[in-house]
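Single-letter residue listing:
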Amino acid sequence: MERLQLVRKGQIALIQFRTGEKSIANKIVKSLEENSITSDELGMYWKENTAGYYYYQAPVETQALMIETFSEVGVIPNEPESAKRNLNNIDNLKIWLLKNKQTNSWKTTKATSEAVYALLLNGSDWISITDMVDINLGDIKIEPSKMKDIAIEAGTGYFKTSWNAQEITPKMADVTIAKKGNGIAWGGLYWQYFEDLDKNNLS
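What counts and what doesn't
- Numbering of residues starts from 1 in each chain and follows the order in which that chain's sequence is written.
- In view of the model being predicted, local features appear only for residues whose pLDDT reaches at least 70, and side-chain atom pairs are presented and counted only at 80 or more, with totals across whole chains, interfaces and linings using the full set of residues.
- Note: side-chain values were computed over all heavy atoms of the structure, leaving out hydrogens and water.
- What goes into a patch is any residue over 30% in relative accessible area without a salt bridge, connected to like charges within 9 Å or, for nonpolar side chains (Val, Leu, Ile, Met, Phe, Trp, Tyr), within 5 Å.
- Only the protein chains shown count as covering a residue, and every accessible area follows the Shrake-Rupley method with a 1.4 Å probe.
- The term salt bridge refers to a pairing of a side-chain nitrogen on Lys or Arg with a carboxyl oxygen on Asp or Glu at a separation within 4 Å.
- Helix and strand assignments follow DSSP, with helices taken as H or I runs no shorter than four residues and strands as E runs no shorter than two, numbered in order from the N terminus.
- The span expected for a helix works out to 1.5 Å for each residue beyond the first.
- Only heavy atoms matter for contacts: two residues are in contact if any of them lie within 4.5 Å across the pair.
- Being paired, for any two strands, means DSSP has found at least two bridges between them.
- Axis definition: a line fitted to C-alpha atoms, limited for helices to the stretch in contact. Angles are taken between N-to-C directions and run from 0 to 180 degrees.
- Should an angle lie under 35 degrees it is considered roughly parallel, over 145 roughly antiparallel, and from 65 to 115 roughly perpendicular; all remaining angles are considered oblique.
- In this scheme the handedness of a crossing depends on how the near helix is turned from the far one: anticlockwise by less than a right angle means left-handed, clockwise means right-handed.
- As a working rule, the residues Ala, Val, Leu, Ile, Met, Phe, Trp, Tyr, Cys and Pro are called nonpolar, Asp, Glu, Lys and Arg charged, and the rest polar, with Gly in that last group.
- Here, the term nonpolar core denotes a set of buried Ala, Val, Leu, Ile, Met, Phe, Trp, Tyr and Cys residues that are joined through side-chain atoms within 4.5 Å.
- Exposure is judged per residue with a 1.4 Å probe applied to protein chains only, and the accessible area is read against the type maximum: over 50% gives exposed, under 20% gives buried, and values in between give partly exposed.

Just to check I follow, could you spell out a nonpolar patch on the surface for this structure?
Nonpolar side chains collect at one region of the surface, where Tyr-53, Tyr-54 and Tyr-55 lie side by side and expose about 510 Å² of accessible area between them. Here Tyr-53 shows up in the loop between strand 2 (43-45) and helix 3 (59-73).

Have a look at this one:
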């Protein structure tokens, strides 16, 4: 299944569904699901959905089209489990989009608008969850709203903090994070230190 076929399959499934040929649309979506890859880290995606020269080789727009296709066509009549499975598929498709944004920039306004539309279109409600994750470093509870000089980014909840060398204890290496509600969250933790140049082996 080439990239062009992936886009066309989504478009054909939507056309067939909207013109009453729902059984054909369901078969196309089933084929798309069977040829996809799903992982906890990257969500649901297709390995051939990579960037290229042509307009149909646009990963973000293609993934957004897949979300629209599964949202509209994915539930199969007379199959009670299909609604639950399809909701899970949509959430996994959205994870890939968000993971893509974490490591890349959506290069055009078209890609951005289609991605945002797809993320808001269907699936579980992730936007209404506003609670911060619970973070503990050893016996220290991280509460950014109560910490000085910490700015929490509106909408994403992003914040950054650091400690001086004399403030760091071995217990702080024991990190626990608890997320509330559905949806996904990302974070990063790194230990930065300085070393004398003569002690670095650069060879």
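Once you've had a look at it, read on.
Looking at this structure, I do not really get helix 5 (residues 109-121). What am I missing?
The α-helix advances 3.6 residues per turn, and as a result positions three or four apart in sequence lie on the same side. Its 13 residues place the ends of helix 5 18 Å apart at the C-alpha level, agreeing with the 18 Å of an ideal helix rising 1.5 Å per residue. Considering only its buried residues, helix 5 is in contact with helix 3 and helix 4 (80-103). Gly-123 sits one or two positions beyond helix 5 and adopts a positive phi of about 95 degrees.

I tried to follow the sheet that holds strand 4 (residues 140-142) on my own but got confused; where do I start?
Across a sheet, strands are paired by hydrogen bonds formed along the backbone, either parallel or antiparallel in direction. Pairing is antiparallel across the open sheet formed by 3 strands, whose spatial order is 4-3-5. For this open sheet the edge positions go to strand 4 and strand 5 (175-178), each flanked by a neighbour on one side alone. Taken over all neighbouring pairs, the strand axes of this sheet differ in orientation by 20 degrees on average, direction set aside. Alignment of strand 3 (residues 134-137) against strand 4, held across 3 bridges, turns out to be antiparallel.

Would you mind going over the side chain of Asp-91 with me for this structure?
Relative to the assigned elements, Asp-91 resides in helix 4. Aside from chain neighbours lying at most four places away, what touches Asp-91 is Gly-123, Ser-124 and Trp-126.

Sorry, what's going on with the packing of helix 3 against helix 4 here?
Packing of helix 3 against helix 4 leaves a shortest axis separation of 10 Å and a crossing angle of 165 degrees. Taken together, the axes of helix 3 and helix 4 lie roughly antiparallel to each other. Crossing of helix 3 over helix 4 shows left-handed handedness. Each of Pro-59, Val-60, Gln-63, Met-66, Ile-67, Phe-70 and Ser-71 in helix 3 lies in contact with helix 4, whose residues at this interface are Asn-86, Asn-89, Ile-90, Leu-93, Lys-94, Trp-96, Leu-97 and Asn-100. Grouping the amino acids of the contact of helix 3 with helix 4 by side-chain chemistry returns 9 nonpolar, 5 polar and 1 charged.

In this structure, what is going on with the nonpolar core? I would like to understand it.
Soluble, globular proteins show a tendency: their nonpolar side chains are buried together. Ranked by internal contacts, the top residues of the largest apolar core, which has 29 residues, are Leu-32, Trp-46, Met-66, Phe-70, Leu-93 and Leu-97. Those elements that provide at least two residues to this core are helix 1 (3-18), helix 2 (22-34), strand 2, helix 3, helix 4 and helix 5. With 7 residues, helix 3 is the largest single contributor of residues to this core. Filtering out sequence-adjacent residues up to four positions away, Leu-97 remains in contact with Val-60, Gln-63, Ile-67, Trp-106, Ala-115, Ala-118 and Leu-119. Counting 6 residues, the second-largest nonpolar core is a separate cluster that includes Leu-137, Ile-142, Phe-159 and Met-172.

Please clarify how the pairing of strand 3 should be interpreted in this entry.
Residues in a regular strand point their side chains to alternate faces of the sheet. Burial along strand 3 is one-sided: Ile-135 and Leu-137 are buried, while Asp-134 and Asn-136, pointing the other way, are not. Strand direction decides the pairing type here: strand 3 and strand 5, joined by 4 bridges, are antiparallel. Each residue of the ladder has a partner; that of Asn-136, found in strand 5, is Thr-176. Counting the residues in the hairpin turn of strand 3 and strand 4 gives 2 residues, including Gly-138, whose phi is positive at 65 degrees.

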